[in-house]
Amino acid sequence: MLKIMYFFVKENIVCYIITAVLFLFLFFFTGMYLDEYIIIGTELSYIHTLEDSLMLYTPNAVGEGSGWDCKDSRRGEHAGYTRMAIVNNDDTRNSNACFAVDSFIGRHFLFHVRGRELSFEDGENEVILYGEMLRQRYKMGDMVSLNGEKYKVVGYLPAYEPIWDFNKNVSEDGEVDVLAYALNGNMYFINNEKAFTESSSKVQSCVFADHDIPGWRKGSSMKKMKKAMTGYRKGQQVFEAAGIAMLTGIAIYLCIATAIIQYTRCRSMYAIFWICGMHFVKYYLLCVLHSVLAVSVSVFFYYMIYWIAVHREHIDIRLENIRLCFVGGVSVVLMLISVLLNSFLNRNTVTKCD
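Residues numbered from 1 in each chain as written. Predicted model: local features only at pLDDT ≥ 70, side-chain atom pairs only at ≥ 80, totals over all residues. Heavy atoms only, no water.

(A) Representation of the overall build of the chain in the model. Along the backbone of the chain there are nine helices and twelve strands. Look at the contacts in the chain between residues 6 or more apart in sequence, and 80% of them connect residues 24 or more apart. In the form shown here, the chain has an accessible surface area of approximately 18000 Å², with 60% of it arising from carbon and sulfur atoms. (Helix = DSSP H or I, 4+ residues; strand = E, 2+ residues; numbered from the N terminus. Contact = heavy atoms within 4.5 Å. Areas by Shrake-Rupley, 256 points an atom, 1.4 Å probe, with all protein chains shown as cover.)

(B) View of the packing of aromatic side chains. Here the structure, examined in full by the defined rule, presents 13 aromatic pairs. Both rings, one in Tyr 130 and one in Phe 189, keep their centres 6.4 Å apart while their planes meet at 40°; by these two values the pair is tilted. Residue Tyr 130 is located in strand E5 (residues 126–130), and its partner Phe 189 is located in strand E10 (residues 187–190); the two are separated by 59 residues in the primary sequence. Among the residues examined, Phe 189 registers a relative accessible area of 0% and is labelled buried. By the ring-pair criterion, three or more aromatic residues cluster together here, those being Phe 23, Phe 27, Phe 28, Tyr 302, Tyr 303 and Tyr 306. The ring of Tyr 138 is capped by Arg 137, whose NZ or CZ atom sits 5.7 Å from the centre of that ring. (Phe/Tyr/Trp six-rings, centres within 6.5 Å; stacked < 30°, edge-to-face > 60°. Buried < 20%, exposed > 50% of the residue type's maximum accessible area, 1.4 Å probe, protein only. Lys NZ or Arg CZ within 6 Å of the ring centre and 35° of its normal.)

(C) Fine view of the nonpolar core. With 34 residues, the main nonpolar core has Phe 109, Trp 164 and Phe 189 as its most contacted residues. Mapped by element, the contributors of at least two residues to this core are helix H1 (2–49), strand E3 (95–101), helix H3 (103–108), E5, strand E7 (149–157), strand E8 (163–164), E10 and helix H5 (222–266). In contact with Trp 164, not counting residues within four places along its chain, are Tyr 46, Leu 50, Leu 56, Phe 109, Val 170, Val 178, Leu 179, Phe 208, Met 222, Met 225 and Met 229. (Core = buried A, V, L, I, M, F, W, Y, C linked by side-chain atoms within 4.5 Å.)

(D) Up close: the pairing of E7. Where strand E4 (residues 114–115) and E7 come together, two bridges link them in antiparallel fashion. Following the sheet pairing, Arg 114 is matched in E7 by Tyr 156. Where E5 meets E7, five bridges bridge the pair, whose relative direction is parallel. Counted as the bridge partner of Val 127 is Val 153 from E7. Relative to E7, strand E6 (residues 143–146) runs antiparallel, the two sharing four bridges. Residue Met 143 lies in a different strand from E7, and its bridge partner there is Lys 152. The loop that links E6 with its antiparallel partner E7 comprises two residues; one of these, Asn 147, has a positive phi angle of about 55°. (Pairing = 2+ DSSP bridges.)

(E) Structural view of the side chain of Ser 145. Along the polypeptide, Ser 145 turns up in strand E6. Classification of Ser 145 as buried rests on a relative accessible area of 4%. A distance of 2.5 Å separates the side chain of Ser 145 from the side chain of Asp 90, its partner in a polar contact. For Ser 145, the residues in contact, after removing those within four places along its chain, are Asn 88, Asn 89, Asp 90, Asp 91 and Lys 150. (Polar contact = N/O pair within 3.5 Å; in protein donor to acceptor, adjacent residues only side chain to side chain.)

(F) Local environment of the pattern of salt bridges. Applying the stated criterion across every chain yields a total of five salt bridges. Linking Glu 43 and Arg 233 is a salt bridge whose minimum nitrogen-to-oxygen distance equals 2.7 Å. Of this pair, Glu 43 sits in helix H1 while Arg 233 sits in helix H5, placing them 190 residues apart in sequence. Each member of the pair, Glu 43 as well as Arg 233, carries the same accessibility label: buried. (Salt bridge = Lys/Arg side-chain N within 4 Å of Asp/Glu carboxyl O.)

(G) Spatial organisation of unusual backbone geometry. Even without being glycine, His 112 reaches a positive phi, approximately 60°. With respect to the element layout, His 112 can be found in the loop between H3 and E4. Of note in this structure, Asn 147 is not a glycine but carries a positive phi near 55°. Within the secondary structure, Asn 147 sits in the loop between E6 and E7. According to the relative accessible area criterion, Asn 147 is partly exposed, its value standing at 48%.

Below, the structure is given as structure tokens:
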């Protein structure tokens, strides 16, 4: 019996190796499409939370000293600002981007904060951490020293959630690339509006309002920008979904082709196996076993390589869980197809031999 199994494997080994390698590549590329599909879904969710009535102004748009410092009385209570600077963390000795924001920005642009939002009433310096490394280092209530100033940690922004790119000059004319993630893996949002003065080193700042401000040059309409962004992201998501469907279809086709090739190459061998005393059930199980092993080996190596090289890059645990579950589910479907197809193809083999 062992000699029969050895001969069977020897005759099909090249086919099995090629099949396993192809499955491995298919799993990887399908996982990449799946990751992007999930990320785009998260970005669309963030975009939908932005209010249509918002208007966006740059410092140049409102003019020198005419309100981007939030001191203009014409704006009433419906405008907000954000300023950015690179700050030094005295604990980690690392430099990262830090945004000084007001309550308007915190309310309209920083969503899904774990903990609580920044307070602008008690006068205490507070910080929201954005980035997985900072979240792991600091607990809620800890103090963070930024440029020598102490800030109390009151919340975290999930690393997989996008934020509005406050460094980008925006336009409602087809602007779609206005979302960002934690720069260099870590960022800070603070409530200290005096942290970055006019003399401080700033990259860029913007002014936002919940509707058009009379007397200021027209800003960019969030409603039009959301429409452009949503259409663009949905188009990308359709492309990713089509890629997932296509690669999954190729995997199923490959599974069927492997079973047919195996049947074509081995059906004439069964007569010899039968003379050597092999029962048809054993022959059928042997066919199924080798088809299933081709899938199982590719899944094993995929999980092994993924765990060593890929999962460390993910900041969103959902990507890891969904990708691994998806690959596992597809592999189970492929194994079931192999079992059913081998049963169908070999149903008349024993009759022909008799």
